[in-house]
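The chain contents come next:
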Amino acid sequence: MSSNIGVMGHPIGHTKSPVFHQAGLDELGIKETFEAWDVAPEYLEEKVATFRADGFLAACVTLPHKQAVIPLVDELTEAAQAVGAVNWIFNRDGKLVGHNTDGTGFLRALKEKAGFDPKGANVVVFGAGGAARAIIYALKTAGVNRLTIANRTVEKAQALASDFSEGKFKPNAIGMSRDELSNFVPYANLLVNTTSLGMAGGPAELATPATADMISADAVGYDIVYAPPMTKFLREVEEAGAEPSGGMTMLVFQGIEGFEMSTGKTAPVETMFAAIEQALKSS
Ligand code: ATR
C-alpha cells in the first residue's frame, strides 16, 4: 500500500524532501512515511487520481510536473493561479486543491533565516523564469516599495512586469548590462538571484548577476541557487559588506509550508533543518 504523503517528480532520485519531511512527521508523532514517487509523464493522470483516496493527505510536486498537474486538480488557490504552477496538491475530502508555496516559502526563508522583512523595500530580482514569477508574486503580496526585474532577455522581464502590475505596484523591467544595473542595484535593500548564474555544473558557475562594487553594504543578497552553497553572487554580496543568504532555505520552507497545510500542525522547523543539514553533510 502506498503512503498518504510524498513527493512526485521525474526523475526523483536526487530529492532530499523525504529526509526533512520524515523528521517533521516523526517529531510530531504522525505515523506516516513520506515517500518519493518517480512518475513518468504518461502515468501522471493515473497517479494524481489516486490522491483522492480516503486518508490521503498531500503530494509535493516537483519537476517536470508543476504545470502538467494544473488540469488534473479540482481547484487552484490564488497563489497557484498567479504563479502558474502547482508545487503541492492537498486532498480535501476527495477534492484536490493545487497550491503553490514557493513564494511564501521564499518570504519565510527571508524572515526566519535572514531576518529581513521586504515590506517597503527596494528590490532587484535577477531573472524572469518560473522561480522569478513565484518570488515576484510573493514580494508583491509582502508590500515592497519598488521592484526591478533584470533579465538577459529584456522582453521576458517586461512580460513579467506587466503580468504583476496592479494599481501603484508597477515593476520596472531592464536588461543585465552594467549601465542598466547601475541605476538600480546600488539602491536596493534586497537583491535576489533567480537565474542559473553560479550553479554548479552549469555553463556559468563562476558568473554573478552583480558585483560587490555595485551592492550597498546595507542590503541582503539572496541566491536561490543552492549548489554550491556559497555562489559567486553571495561572495560578491559578502565582499560588499552586505548580508548573504540562500542555500536550501527557500526549498525547505516551501516544504514546511506544504507540511503545515497537509498536517494542520505547526512544523518543527529546527528539527527539519537539522535533518537536511545532516543529510547534506553525509552526501
Ligand atoms: P527557472 O524556472 O528555474 O526560473 P528558467 O525558466 O529556465 O528557470 O529561467 C532561467 C533564468 O536564468 C532566465 O531568467 C534566464 O535568462 P533568459 O530569460 O535571458 O534566458 C537566466 N539565465 C540563464 N543563463 C543565463 C546567462 N548565462 N546569463 C544571464 N542569464 C541567464
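Residues numbered from 1 in each chain as written. Predicted model: local features only at pLDDT ≥ 70, side-chain atom pairs only at ≥ 80, totals over all residues. Heavy atoms only, no water.

## Considering the domain arrangement of the protein chain
Part 1 of the reasoning: Split by domain assignment, the protein chain resolves into domain 1 (5–100 + 249–282) and domain 2 (104–246).
Part 2 of the reasoning: Between the C-alpha centres of domain 1 and domain 2 there is a distance of 26 Å.
Part 3 of the reasoning: Contacts between domain 1 and domain 2 engage 14 residues on the former and 16 residues on the latter.
Part 4 of the reasoning: For the domain 1 and domain 2 pair, buried surface summed over both sides reaches about 1,400 Å², with 62% attributable to carbon and sulfur atoms.
Part 5 of the reasoning: Here Arg 108 ties to Glu 257 by a salt bridge, and the two come within 2.8 Å at their closest N and O atoms.
Part 6 of the reasoning: Applying the counting criterion to the domain 1 and domain 2 interface returns seven residue pairs in polar contact (both at pLDDT 80 or more). (Domains from an automatic or database assignment. Contact = heavy atoms within 4.5 Å. Buried area = accessible area lost by both parts, 1.4 Å probe. Salt bridge = Lys/Arg side-chain N within 4 Å of Asp/Glu carboxyl O. Polar contact = N/O pair within 3.5 Å; in protein donor to acceptor, adjacent residues only side chain to side chain.)

## Section: the sheet that holds strand E12 (residues 243–246)
Part 1 of the reasoning: With parallel pairing, the six strands of this open sheet are ordered in space as E9-E8-E7-E10-E11-E12. Strand pairing shows two members of the sheet lacking a second neighbour, strand E9 (172–174) and E12, which therefore form its edges. In this sheet, adjacent strand axes meet at a mean angle of 20° when their direction is disregarded.
Part 2 of the reasoning: The pairing of strand E7 (residues 122–126) with strand E8 (residues 146–150) spans five bridges and is parallel. Counterpart to Val 125 in the pairing with E8 is Ile 149. (Pairing = 2+ DSSP bridges. Helix = DSSP H or I, 4+ residues; strand = E, 2+ residues; numbered from the N terminus. Axes fitted to C-alpha atoms, helices over the stretch in contact; angles between N-to-C directions.)

## Some words on the site of the ligand
Part 1 of the reasoning: The full set of residues close to the ligand is Gly 127, Ala 128, Gly 129, Gly 130, Ala 131, Asn 151, Arg 152, Thr 153, Lys 156, Thr 195, Ser 196 and Leu 197.
Part 2 of the reasoning: Within the backbone of Ala 131, a nitrogen or oxygen atom sits 3.0 Å from an oxygen atom of the ligand.
Part 3 of the reasoning: Contact between the ligand and Thr 153: an oxygen atom at 2.5 Å from a side-chain N or O atom of the residue.
Part 4 of the reasoning: Relative to its unbound accessible area of 650 Å², the ligand is 64% covered by the protein chains.
Part 5 of the reasoning: Under a 2 Å grid-point criterion requiring more than half of the atoms, the pocket assigned to the ligand is the second largest pocket.
Part 6 of the reasoning: Among the residues making up the shell around the ligand, the classes are represented as three nonpolar, seven polar and two charged. (Near = heavy atom within 4 Å. Areas by Shrake-Rupley, 256 points an atom, 1.4 Å probe, with all protein chains shown as cover. 1 Å grid on protein atoms, 1.4 Å probe; cavity = no way out; pocket = protein on both sides within 12 Å on 5 of 7 lines; lining within 4 Å. Sits in = over half its atoms within 2 Å of the grid points. Nonpolar A, V, L, I, M, F, W, Y, C, P; charged D, E, K, R; others polar.)

## Comments concerning the packing of aromatic side chains
Part 1 of the reasoning: This model, assessed by the stated rule, comprises seven aromatic pairs.
Part 2 of the reasoning: Their ring planes at 55° and their centres at 5.2 Å tell us that Phe 253 and Phe 273 sit as a pair that is tilted. In this pair, Phe 253 sits in helix H9 (residues 249–263) while Phe 273 sits in helix H10 (residues 269–282), placing the two residues 20 residues apart along the sequence. One exposure class covers both Phe 253 and Phe 273, and it is buried.
Part 3 of the reasoning: An aromatic cluster is defined as three or more aromatic residues linked by ring pairs; in this entry it consists of Trp 37, Phe 51 and Phe 56. (Phe/Tyr/Trp six-rings, centres within 6.5 Å; stacked < 30°, edge-to-face > 60°. Buried < 20%, exposed > 50% of the residue type's maximum accessible area, 1.4 Å probe, protein only.)

## Regarding the nonpolar core
Nonpolar side chains in soluble globular proteins tend to end up buried together.
Part 1 of the reasoning: Counting residues in each nonpolar core, the largest one holds 56 residues, and the members touching the most others are Phe 106, Val 123, Val 125 and Leu 139.
Part 2 of the reasoning: The leading source of residues in this core is helix H5 (residues 130–141), at seven residues.
Part 3 of the reasoning: Inspection of this core shows a minimum of three residues originating in each of domain 1 (5–100 + 249–282) and domain 2 (104–246).
Part 4 of the reasoning: With residues near it in sequence (within four places) discarded, Leu 139 still touches Phe 106, Pro 118, Val 123, Val 125, Val 144, Leu 147 and Leu 190.
Part 5 of the reasoning: Counting 19 residues, the second-largest nonpolar core is a separate cluster that includes Ile 174, Ala 188, Ala 210 and Val 237. (Core = buried A, V, L, I, M, F, W, Y, C linked by side-chain atoms within 4.5 Å.)

## Quick look at the pairing of strand E11 (residues 220–223)
Part 1 of the reasoning: Along E11, one buried face is formed by Val 220 and Tyr 222 and the opposite face, lined by Gly 221 and Asp 223, is buried too.
Part 2 of the reasoning: Two elements, strand E10 (residues 190–193) and E11, share four bridges in a ladder whose sense is parallel. Its bridge partner lying in E11, Asn 193 is registered against Asp 223.
Part 3 of the reasoning: Note: E11 against E12, four bridges, orientation parallel. Bridged to Tyr 222 within E12 is Ser 245.
Part 4 of the reasoning: Remark: the E11/helix H8 (residues 232–239)/E12 crossover connection has right-handed handedness. (Right-handed = clockwise from strand over helix to strand, strands pointing away.)

## With respect to the layout of surface pockets
Part 1 of the reasoning: By volume, the largest pocket amounts to about 1,500 Å³.
Part 2 of the reasoning: In this structure, the largest pocket is lined by 45 residues; those nearest its centre are Thr 62, Leu 63, Lys 66, Tyr 226 and Leu 251.
Part 3 of the reasoning: Breaking the lining of the largest pocket down by element, the ones donating at least two residues are helix H1 (17–27), strand E3 (58–61), H5, H9 and H10.
Part 4 of the reasoning: Looking at the lining of the largest pocket, its residues break down into 23 nonpolar, 17 polar and five charged. (Points joined across faces, edges and corners; volume = space filled by probe spheres on them.)

## Some words on unusual backbone geometry
Part 1 of the reasoning: Cis geometry marks the peptide bond from Leu 63 to Pro 64, where omega comes out at 5°.
Part 2 of the reasoning: Inspection of the secondary structure assignment puts Pro 64 in the loop between E3 and strand E4 (75–76).
Part 3 of the reasoning: At the junction of Ala 227 and Pro 228, the peptide bond is cis and its omega measures out at 5° in the coordinates.
Part 4 of the reasoning: Relative to the assigned elements, Pro 228 resides in the loop between E11 and H8.
Part 5 of the reasoning: Even without glycine at this site, Asp 93 takes up a positive phi of about 55°.

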